[in-house]
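Architecture at a glance
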Number of protein chains: 2
Amino acid sequence: MTQLEMAGQGRVTEEMKLCAEKEGVSPEFIRRGVEEGSIVVVRNNRHTGIAPLAIGKGLRTKVNANLGTSRDHVDLEMELEKVRICTKAGADALMDLSTGGEIRAIRQAIVNASTMAVGTVPIYAAAAEALNSRKSIMEMTADEMFQAIEENGEDGVDFITVHCGVTRESVGRIAAQGRLLGIVSRGGSITARWMDYNDAENPLYAQYDRLLEIARRYDMVLSLGDGLRPGCLADATDRGQVQELIILGELCRRARARDVQVMIEGPGHVPYPQIEANIALQKSLCEGAPFYVLGPLPTDIAPGYDHITAAIGGALAGAAGADFLCYVTPSEHLCLPNLDDVHEGIVASRIAAHIADIAKGYPGAMEKDILMAKYRSEFNWNGQIDLSVDPDRSRARLERSETAKEEGCTMCGDLCAIKLGKKKAPC
Amino acid sequence: MTQLEMAGQGRVTEEMKLCAEKEGVSPEFIRRGVEEGSIVVVRNNRHTGIAPLAIGKGLRTKVNANLGTSRDHVDLEMELEKVRICTKAGADALMDLSTGGEIRAIRQAIVNASTMAVGTVPIYAAAAEALNSRKSIMEMTADEMFQAIEENGEDGVDFITVHCGVTRESVGRIAAQGRLLGIVSRGGSITARWMDYNDAENPLYAQYDRLLEIARRYDMVLSLGDGLRPGCLADATDRGQVQELIILGELCRRARARDVQVMIEGPGHVPYPQIEANIALQKSLCEGAPFYVLGPLPTDIAPGYDHITAAIGGALAGAAGADFLCYVTPSEHLCLPNLDDVHEGIVASRIAAHIADIAKGYPGAMEKDILMAKYRSEFNWNGQIDLSVDPDRSRARLERSETAKEEGCTMCGDLCAIKLGKKKAPC
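If you're wondering where the values come from, they're calculated on a predicted model, not measured in any experiment.

The next subject is the interface of chain A and chain B. On the chain B side, the residues contacting the 98 residues of chain A number 99 residues. Carbon and sulfur atoms supply 67% of the area that chain A and chain B bury against each other, a total of about 8,400 Å² over both sides. Scanning the region where chain A abuts chain B turns up four salt bridges. For arginine 397 of chain A, the salt bridge identified is with aspartate 341 of chain B, shortest N-O distance 2.7 Å. For the pair chain A and chain B, the interface holds 26 residue pairs in polar contact (both at pLDDT 80 or more). Of all the secondary structure elements, the ones that give two or more residues to the side of chain A that touches chain B are α9 (186-198), α13 (272-285), α14 (306-319), α15 (339-360), α16 (365-377), α17 (381-387), α18 (391-398) and α19 (417-422) of chain A. Here the side of chain A that touches chain B gets eleven residues from one element, more than from any other, and that element is α15 of chain A. Its residues placed into classes, the side of chain A that touches chain B shows 55 nonpolar, 24 polar and 19 charged.

Structure follows, in structure tokens:
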């Protein structure tokens with residue numbers, strides 16, 4: 001039975017209890033959220049080596065890190081090192097987006113190495129498989145697509161991105177309106193081309209029940225992908241994107257009816273004033289399902305710094321109700337991220353998520369900031385470092401101060417405002 | 001005559017014309033903004049070697065970088081190198097906050113080296129002077145404070161932070177309400193202690209007309225400082241902070257009546273949901289004066305990454321109407337920023353400012369993003385790099401891609417969505 005099925009029967013599962021403890025809420029709060037669909041408890045029923053992860057309304061905003069090989073660059077050791085960095089830097093989940101090398105073996109190694117929930121995009125594996133066997137992606141069969149999904153379930157993958165909303169209807173609206181950058185989601189692009197070449201509906205939509213059966217068997221959470229997300233600010237919130245979201249809302253309800261847990265993926269490249277509207281729209285169209293956003297990126301002109309751009313967008317999205325932030329690294333739009341990039345991306349997203357959690361009133365979030373202020377007032381440098389989002393980084397910088405660990409730092413020296421405020425005698 | 005005086009007489013000055021050209025607005029737009037106080041044209045009338053800088057309503061959001069020696073660390077060459085980095089990284093103004101070494105000589109060297117507007121906090125020089133002459137800061141005289149301001153005017157400083165709103169009334173409200181971190185502005189802290197020790201009103205408030213006379217003589221823009229800004233989220237938007245802002249609103253009107261241009265400084269450490277309220281409050285209480293914010297920082301727990309935190313807050317503040325963002329570097333709260341920190345801080349603030357400019361509908365802002373999308377659709381890598389916020393950085397990362405400068409990058413390889421969308425033949 002899936003978590004959703006048990007929640008519907010009023011049963012509080014062991015997984016819900018574990019999540020409740022981590023989140024500081026009651027198990028019943030988690031159960032009710034799962035039942036109504038505002039919370040997902042993420043863990044493949046074969047992946048019992050990790051703690052389950054709850055994502056959704058009333059919970060801490062979570063951060064996902066993407067990693068994986070590309071077709072030009074395959075280095076399993078580096079990817080496994082990225083998994084370790086994800087843990088150390090404080091990601092809540094990771095997605096293996098590998099498209100190069102022995103994809104299934106890489107996936108199994110990553111699932112095995114990860115202490116956190118693992119997501120994938122099964123169509124990548126199916127497409128890469130097609131390319132590896134020297135046939136065209138266009139010649140993939142529906143069976144091969146579902147086979148890839150099944151294998152992900154077998155391998156213990158906890159959540160999968162499936163671009164079920166890329167349909168003739170939604171793609172047609174993209175074409176009718178016109179776009180500067182067309183379809184920029186890889187899965188969306190593969191699917192749309194497949195549909196065009198084969199003159200057929202998207203199998204993941206046409207045979208959605210088949211997908212639900214697989215997801216249900218492993219209690220894999222469906223992350224209904226936004227294959228038609230905008231690739232630039234100018235394309236944001238267009239009719240194709242919103243059409244897809246409407247369809248995802250319908251598919252969300254169908255999944256719940258089959259006891260399959262669902263979250264919804266969102267953009268992407270979005271002008272700042274449209275971010276809150278995108279969250280409100282998703283919450284309404286998808287009946288409160290958890291929202292998993294990529295960034296969002298409120299400008300296109302900062303390649304090399306897209307982790308900062310994504311943090312700016314992610315804080316606003318999170319404060320408006322997004323539940324799960326997918327990180328973006330400084331290498332986005334330029335090259336495959338290296339180890340440092342993964343670290344920088346995670347920390348930037350965690351900052352955004354924490355700012356959102358304070359805005360959401362998530363219990364315990366503001367308390368951290370109050371404690372930091374207290375440590376600052378006491379010149380408790382060790383306390384500040386331990387509480388900081390990246391203790392190694394803050395410690396290294398503090399040690400640049402000649403006066404580190406005394407009162408004050410080189411920034412203000414003996415004109416430190418806090419010191420001035422404390423002295424009783426004239427200074 | 002000051003810019004404001006001439007604007008009031010309906011005269012469009014050469015400075016206004018230069019600013020109008022840079023901003024893409026009409027000279028009359030600038031003149032009217034200066035007259036009504038929503039725009040300041042920043043340039044000391046002795047500092048004719050630089051282009052004047054317009055800040056305010058309807059104009060591009062500007063970025064300031066702080067630099068300067070501290071009492072523990074004096075290295076003029078490094079500070080001058082920071083000035084060069086400010087130019088290269090695209091700051092609009094810089095503030096010399098030196099408190100160590102030969103402060104006046106350092107200031108003159110920085111004004112001389114800078115191609116952009118220079119601001120200072122004259123009370124730092126006065127306080128450091130007092131410490132250097134081995135007397136207590138508390139024994140500074142009002143004359144010495146005004147002398148420091150006069151010298152800044154003589155040296156060609158374009159705008160000065162003056163903490164005139166730190167008064168018995170506002171400080172009294174801080175004390176009455178209580179704060180976790182007290183007063184964290186150095187200037188505010190020095191002033192409050194001076195007032196307490198001398199049992200006297202703040203000379204910059206009590207003798208405000210004397211300050212206005214000096215500012216008027218050099219057409220120095222007064223940046224009315226928020227000496228009582230909160231030092232942590234928990235202290236934000238408290239009665240002392242708002243009391244000071246009310247007083248600054250009154251002083252703003254008095255300055256305008258004497259033809260002295262004014263902008264207002266704002267926080268600081270502010271929870272995300274209070275940022276827009278802080279902007280609205282300032283615009284209302286200070287009758288539309290340009291707002292110059294420090295960050296804001298919507299969390300306290302990210303030392304080492306405060307440039308990202310400030311970019312998150314700055315984008316929201318800018319979108320809500322803040323006109324001028326003071327950068328924060330990754331070393332904030334830990335140590336004196338080094339050269340890299342200055343660069344990182346400026347770029348992060350520029351990203352926030354640009355995102356705000358798109359939100360504000362500033363002409364030409366969104367057009368950059370549209371052009372970037374066009375370059376991406378064309379795989380025009382050189383165009384993308386040249387248009388990016390930091391071409392050196394984006395170029396260096398792109399060159400990590402094995403397939404750099406061909407179509408696609410290592411991130412997606414031959415599964416690039418844009419390439420897939422372009423191919424006519426099956427892939």
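What follows concerns the pairing of strand β3 (residues 62-67) of chain A. Residue and element names in this part refer to chain A. Where burial is concerned, most of β3 is hidden: six out of the six residues are buried. Burial of the side chains of β3 extends over both faces: Lys62, Asn64 and Asn66 are buried on one face and Val63, Ala65 and Leu67 on the other. In this sheet, strand β4 (residues 93-96) lies alongside β3 in parallel orientation, the contact comprising four bridges. Within the sheet, the bridge partner assigned to alanine 65 lies in β4 and is leucine 94. With respect to chirality, the unit in which β3 leads through helix α4 (residues 76-89) into the neighbouring parallel β4 is right-handed.

As a further point, take the sheet that holds strand β10 (residues 324-326) of chain A. Residues and elements named next belong to chain A. Strand order in this closed barrel of eight strands is β3-β4-β5-β6-β7-β8-β9-β10, and the pairing throughout is parallel. Across the sheet, the mean angle separating the axes of adjacent strands is 25 degrees when strand polarity is ignored. As judged from the three bridges shared by strand β7 (residues 221-224) and strand β8 (residues 262-266), these two strands associate in the parallel manner. Counted as the bridge partner of serine 223 is methionine 263 from β8. Running at roughly 145 degrees to strand β9 (residues 291-294), α13 makes contact with β8 and β9 of the sheet.

A few words now on the domain arrangement of chain A. Residues and elements named next belong to chain A. By the assigned domains, chain A splits into domain 1 (42-360) and domain 2 (379-422). Here the C-alpha centroids of domain 1 and domain 2 sit 39 Å apart. Taken residue by residue, the interface counts six residues in domain 1 and four residues in domain 2. With both sides pooled, the region where domain 1 packs onto domain 2 buries about 390 Å², and carbon together with sulfur makes up 44% of that total. At the surface where domain 1 touches domain 2, the tally comes to two salt bridges. Between arginine 393 and glutamate 344 there is a salt bridge, with its nearest N and O atoms 2.5 Å apart.

All names here are of chain A. Per the counting criterion, the structure on display carries six aromatic pairs over all chains. When the centroid spacing of 6.4 Å and the interplanar angle of 75 degrees are considered together, the rings of phenylalanine 159 and tyrosine 292 count as edge-to-face. Taken together, the residues span a long stretch of sequence, with phenylalanine 159 in strand β6 (residues 159-162) and tyrosine 292 in strand β9 at a distance of 133 residues. An identical accessibility class is assigned to phenylalanine 159 and tyrosine 292; each is buried. Through pairs of rings, three or more aromatic residues link up here, namely Phe159, Tyr292 and Phe324. A cation over an aromatic ring shows up here: arginine 186 above the ring of tyrosine 124, its NZ or CZ 4.4 Å from the ring centre.

On to the sheet that holds strand β4 (residues 93-96) of chain B. All names here are of chain B. Read once around its circumference, the closed barrel built from eight strands follows the order β3-β4-β5-β6-β7-β8-β9-β10, with strand pairing classed as parallel. Taking the axes of each pair of neighbouring strands and ignoring which way they run, one obtains an average angle of 25 degrees across the sheet. Across four bridges, the pairing between β4 and strand β5 (residues 117-120) is parallel. Directly across from leucine 94, in β5, lies its bridge partner valine 118.

How each quantity is defined
- Residues numbered from 1 in each chain as written.
- Chains lettered and ligands numbered in written order.
- Predicted model: local features only at pLDDT ≥ 70, side-chain atom pairs only at ≥ 80, totals over all residues.
- Heavy atoms only, no water.
- Contact = heavy atoms within 4.5 Å.
- Buried area = accessible area lost by both parts, 1.4 Å probe.
- Salt bridge = Lys/Arg side-chain N within 4 Å of Asp/Glu carboxyl O.
- Polar contact = N/O pair within 3.5 Å; in protein donor to acceptor, adjacent residues only side chain to side chain.
- Helix = DSSP H or I, 4+ residues; strand = E, 2+ residues; numbered from the N terminus.
- Nonpolar A, V, L, I, M, F, W, Y, C, P; charged D, E, K, R; others polar.
- Buried < 20%, exposed > 50% of the residue type's maximum accessible area, 1.4 Å probe, protein only.
- Pairing = 2+ DSSP bridges.
- Right-handed = clockwise from strand over helix to strand, strands pointing away.
- Axes fitted to C-alpha atoms, helices over the stretch in contact; angles between N-to-C directions.
- Domains from an automatic or database assignment.
- Phe/Tyr/Trp six-rings, centres within 6.5 Å; stacked < 30°, edge-to-face > 60°.
- Lys NZ or Arg CZ within 6 Å of the ring centre and 35° of its normal.

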